[in-house]
Amino acid sequence: MNFTSPPVTISPLFPLVFPADKPLLNFSCFGLALLVIFILYSITWSRKSAYDSIPAIGGSDLLSSYRSAMDVIPHGKDMVQAGYEKYKSRMFRVPQMARWDIILSGRKYIEELARAPDDVLSFRAAVQEDIFAKHLLGPTILTNPYHFELIRVNLTRNMGSLFADMKEEMVLACEDNIPVTDGWTKIPAYPAITQIVTRASNRIFVGAPLCRNPEYVNISIKYTLDVAMGRETLSRVPEFLRGIAGKLLTNVPKAIDIAQKHLGPVIAERQKNIDEHGFEYPDKPNDFLSWIMDVAQGQERTPRKLTNRILALNFAAIHTTSLSFMHVLYHLAAEPKYLAPLREEVEAVLEEYGWSKVAMTKLNRLDSFLKESQRINGLTVTSLTRKALRDYTFADGTFVPKGTYIAAAATSTHTDDEIYVNADVFDGFRFSDIREKERQGITNQYISTNPDYIAFGHGKHACPGRFFAANELKAMLAHLVLNYDIKMENEGVRPPNIWAGMNCIPDSSICVMFRRRQD
């Protein structure tokens, strides 16, 4: 059975979502939104003097900085690159519609940003306000983020025992979405990859057979799009109305209802076992849903809260992993010269270690291919985003006031010729060659972070799920190179990335050609 969903173009530039049958409400909300933006922008401008010591990219007066903020949507990458080149290893500021973003670069600043105390420069506060997490993901997702520790500890520790389940689901999903044929078959990349990633991930999150239920899979995918569209809607609504707007003007509550329809019976059955036999009941599933049910307290134990937590996990995992793999797949399909050496490595490792988590750690070339793709095609132009919860002075004396948003220039760092040789060129075995030459252990592995490689962030808030994602991506890539020949529909040509605001998005309209491996 094929669970492939229709193609969806991922973009942060979603239209404003208001009910079409309520024009008066639409007009009122739009007018109110314009007023709010003007007020916020005026407040931002009134605080401009606090940033006078930090050079601006684009205009710095009221009108010209507003025009520059509009330019961020089509030219955000270029604006950050211009600042990086002009003010390298320093700070500069880029205007947004209602604030200035302070962008920094250089090892010294990145290390200081990564080490700064959470009660001063906060990662969670930045995320909360950037995506309106309180109104869209739920008020306790960031205020009571108990699932972070489960991702960091339980998910990582159990990867060895869960690897076979994840791999099995990945293979089944590949068979459903990328059929093995003797002739070349054109496969729309985005729906196929998102289906495979969603099923493989949810085999670990909620177990089988729910992980392959078509409606549950599709709502897990769509939830991220609903949150993104909801963010665009709430960005045009004043703070005091966002709570009610999140419920009435977004699709998020409906998505939770649909997911709860499927998760509710599973949760009820597991709760019944807990009530009758205790938390360590016979044949207890070893998956993320069980882990959160073990530790959730009070209202967090209700079926809706548990459903919301699983959806938030999917929000964080599915599209980042899917888009990252699409970038990888486009490189491989455009340059099939990499297929033979990757196959050679995968076959040799599997012969010795079998399909296992240990085997994934031995795939040095494949690991390098993933890391190089992420270096070139990091999903965001900036990383290590923080919000200043109080006034802060950097070690060099640069002052930023409370409320300031700060981030590091990721794409510019990753494509700096002073850091990486021929930095603009994709070299799939760049990092495995470095590791072999310099006899390095984990320093240049895909999951490793340092001030020169910040795709996963850096320091204590580096992505806790990267260890799981790495195993999933490696297993997918290893399976594809072992079983398929792959090429682009337009042979030898990798589709250009779509840069929208501060995001790097693979073209979701592209088809990739697959056939049964011929050699």
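See the structure above.
Conventions we followed
Residues numbered from 1 in each chain as written. Predicted model: local features only at pLDDT ≥ 70, side-chain atom pairs only at ≥ 80, totals over all residues. Heavy atoms only, no water. Pairing = 2+ DSSP bridges. Helix = DSSP H or I, 4+ residues; strand = E, 2+ residues; numbered from the N terminus. Axes fitted to C-alpha atoms, helices over the stretch in contact; angles between N-to-C directions. Contact = heavy atoms within 4.5 Å. Parallel < 35°, antiparallel > 145°, perpendicular 65-115°, else oblique. Nonpolar A, V, L, I, M, F, W, Y, C, P; charged D, E, K, R; others polar. Buried < 20%, exposed > 50% of the residue type's maximum accessible area, 1.4 Å probe, protein only. Core = buried A, V, L, I, M, F, W, Y, C linked by side-chain atoms within 4.5 Å. Phe/Tyr/Trp six-rings, centres within 6.5 Å; stacked < 30°, edge-to-face > 60°. Lys NZ or Arg CZ within 6 Å of the ring centre and 35° of its normal.

Caption draft 1: Geometry of the sheet that holds strand β4 (residues 185-188). Overall, antiparallel pairing links the three strands, which are arranged β4-β12-β9 in an open sheet. Each edge of the sheet is formed by a strand with only one pairing partner; in this case those strands are β4 and β9 (484-488). Each adjacent strand pair in this sheet contributes to an overall mean axis angle of 35°, direction not counted. In this structure, β9 lies alongside strand β12 (residues 511-516), joined through five bridges in antiparallel fashion. Residue pairing for β12: lysine 487 is matched across the bridge by methionine 513. In the packing of helix α8 (residues 189-205) onto the sheet, contacts are made with β4 and β12, and the angle to β4 comes to roughly 70°. The sheet contacts of helix α13 (residues 303-334) involve β9 and β12, and relative to β9 the element is tilted by about 90°.

Caption draft 2: Region of the structure containing unusual backbone geometry. With an omega dihedral of 5°, the bond running from alanine 208 to proline 209 counts as a cis peptide bond. Tracing the chain through its elements places proline 209 in the loop between α8 and α9 (214-234). Even without a glycine there, the phi angle at leucine 384 is positive, about 55°. Note on placement: leucine 384 falls in strand β5 (residues 382-388).

Caption draft 3: Inspection of the packing of α8 against α9 at higher detail. The interhelical angle for the contact between α8 and α9, taken along N-to-C directions, is 110°, at an axis separation of 10 Å. When the axes of α8 and α9 are compared, the pair comes out roughly perpendicular. Side by side, α8 and α9 meet where Tyr190, Thr194, Gln195, Thr198, Arg199 and Asn202 of the first sit next to Tyr216, Val217, Asn218, Ser220 and Ile221 of the second. Of the residues in the contact of α8 with α9, the class split is four nonpolar, six polar and one charged.

Caption draft 4: Molecular detail of the pairing of strand β8 (residues 405-409). Extensive coverage of β8 is indicated by the burial of five of its five residues. Both strand β2 (residues 100-104) and β8 contribute to a ladder of four bridges, which runs parallel. Bridge pairing in β8 links isoleucine 102 to isoleucine 406. Across four bridges, the pairing between β5 and β8 is antiparallel. Residue pairing across strands places threonine 382 opposite alanine 409, the latter belonging to β8.

Caption draft 5: Geometry of the nonpolar core. Ranked by internal contacts, the top residues of the largest apolar core, which has 88 residues, are Phe288, Leu329, Leu332, Leu477, Ile486 and Val512. Counting residues per element, this core draws most heavily on α13, at 13 residues. Of all hydrophobic cores here, the second largest spans 23 residues; its members include Trp100, Ile102, Tyr392 and Ala410.

Caption draft 6: Fine view of the sheet that holds β2. The five strands lie next to each other as β1-β2-β8-β5-β3, forming an open sheet whose pairing is mixed. With partners counted over all chains shown, the strands left at the sheet margins are β1 (91-95) and β3 (121-122), one partner each. Contacting β1, β2, β3, β5 and β8, helix α3 (residues 107-115) crosses the sheet at an angle of about 55° to β5. Strands β3, β5 and β8 of the sheet are contacted by helix α4 (residues 123-131), whose axis makes an angle of about 95° with β5.

Caption draft 7: Representation of the packing of aromatic side chains within the structure. A complete count under the given rule lists 14 aromatic pairs for this structure. Taken together, a centroid distance of 6.0 Å and an interplanar angle of 80° make the contact between tyrosine 109 and phenylalanine 394 edge-to-face. With tyrosine 109 in helix α3 and phenylalanine 394 in the loop between β6 (392-393) and β7 (399-400), the pair connects residues that are 285 residues apart, well separated along the chain. Phenylalanine 394 shares its class with tyrosine 109; the two are buried. Measuring from centroid to centroid gives 5.5 Å for tyrosine 484 and phenylalanine 514, while their planes differ by 80°, and the two rings are edge-to-face. Remark: phenylalanine 514 occurs in strand β12 and tyrosine 484 occurs in strand β9; sequence separation between them is 30 residues. Among the aromatic residues, those joined into a cluster by ring pairs are Phe205, Phe288, Trp291 and Phe468. Positioned over the ring face of phenylalanine 431 is lysine 371, at 5.3 Å from the centre of the ring.

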